[in-house]
Amino acid sequence: MIKVAFASNDRVNVNLHFGAADTLVVYDVSPGYAELLGVGEFVKVNMKGENRFKSLSDEQTNVIDLQLSAEELERLAAKPPEDKVIAKLDFLEDCSAIYAASIGTSSIKRLVAAGIQPIIVGTGQTIEDLLNEVSLALHCGGLSWVERAKAKAERAAAQAPAAAPRESTGGLRLITSIDELE
């Protein structure tokens, strides 16, 4: 239903800064189910932005919700983007969100301009826990970015011709209610 990416070098925990990430993991998430769609591997880069000396957060989740003005969008389009971010934005083209341990301001603006929700989480949060959170939100609501992504996916599905069903490669069963946590 919606595609969600994670900056992770072990495919288990969110543990990388978006700009310096050498691995991004993408899942297709539906209520109660997630399937690994792909893993993007990128050249390891040295960070040079304002966050290069900042330690990765262990404590909180931050959902960035920026509304960019026309001037900011024009300025971003005119500024030559860094190669490390362009390749990642191309890879994330159909994704609704990216979870990372840290994301620089410039990358946040580029992600938002591309329609991708940047989400900063504490280092070591598991991908499976975050997938369960998205699954629950798809089923019950509660996360505004998930509601927007779900509505966008439903509009796209209504306009597109019916596609042949995709064969499952064995994904993760996720929760769809609080009762399943017990």
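Residues numbered from 1 in each chain as written. Predicted model: local features only at pLDDT ≥ 70, side-chain atom pairs only at ≥ 80, totals over all residues. Heavy atoms only, no water.

Considerations on helix 3 (residues 105-113)
Okay, step 1: Of the residues making up helix 3, those classed as buried are S107, I108, R110, L111 and V112.
Okay, step 2: Downstream of helix 3 by one or two residues, G115 has phi in the positive range, about 80°. (Buried < 20%, exposed > 50% of the residue type's maximum accessible area, 1.4 Å probe, protein only. Helix = DSSP H or I, 4+ residues; strand = E, 2+ residues; numbered from the N terminus.)

Topic: the pattern of salt bridges
Okay, step 1: Inspection of every chain in the model, using the stated rule, returns two salt bridges.
Okay, step 2: Where D94 meets K3, a salt bridge forms, and the shortest distance between an N and an O atom there is 3.7 Å. Here D94 is found in the loop between helix 2 (83-91) and strand 6 (97-100), whereas its partner K3 is found in strand 1 (residues 2-7), with 91 residues between them in sequence.
Okay, step 3: The exposure class of D94 is exposed, given its relative accessible area of 53%. (Salt bridge = Lys/Arg side-chain N within 4 Å of Asp/Glu carboxyl O.)

Considerations on the packing of aromatic side chains
Okay, step 1: Applying the stated criterion across every chain yields a total of four aromatic pairs.
Okay, step 2: With a centroid separation of 6.1 Å and an interplanar angle of 75°, the aromatic rings of F6 and Y27 are classed as edge-to-face. Here the residue F6 occupies a position in strand 1, and Y27 occupies one in strand 3 (residues 23-30), the gap between them amounting to 21 residues. The pair F6 / Y27 is uniform in exposure class, with both members buried.
Okay, step 3: For the pair F6 and Y99, a centre-to-centre distance of 5.2 Å together with 15° between the ring planes defines the contact as stacked. Linking F6 in strand 1 with Y99 in strand 6, this pair joins segments that are 93 residues apart in sequence.
Okay, step 4: The buried category is assigned to Y99, whose relative accessible area is 0%.
Okay, step 5: We note K88 situated over the ring of F42; from NZ or CZ to the ring centre the distance is 5.6 Å. (Phe/Tyr/Trp six-rings, centres within 6.5 Å; stacked < 30°, edge-to-face > 60°. Lys NZ or Arg CZ within 6 Å of the ring centre and 35° of its normal.)

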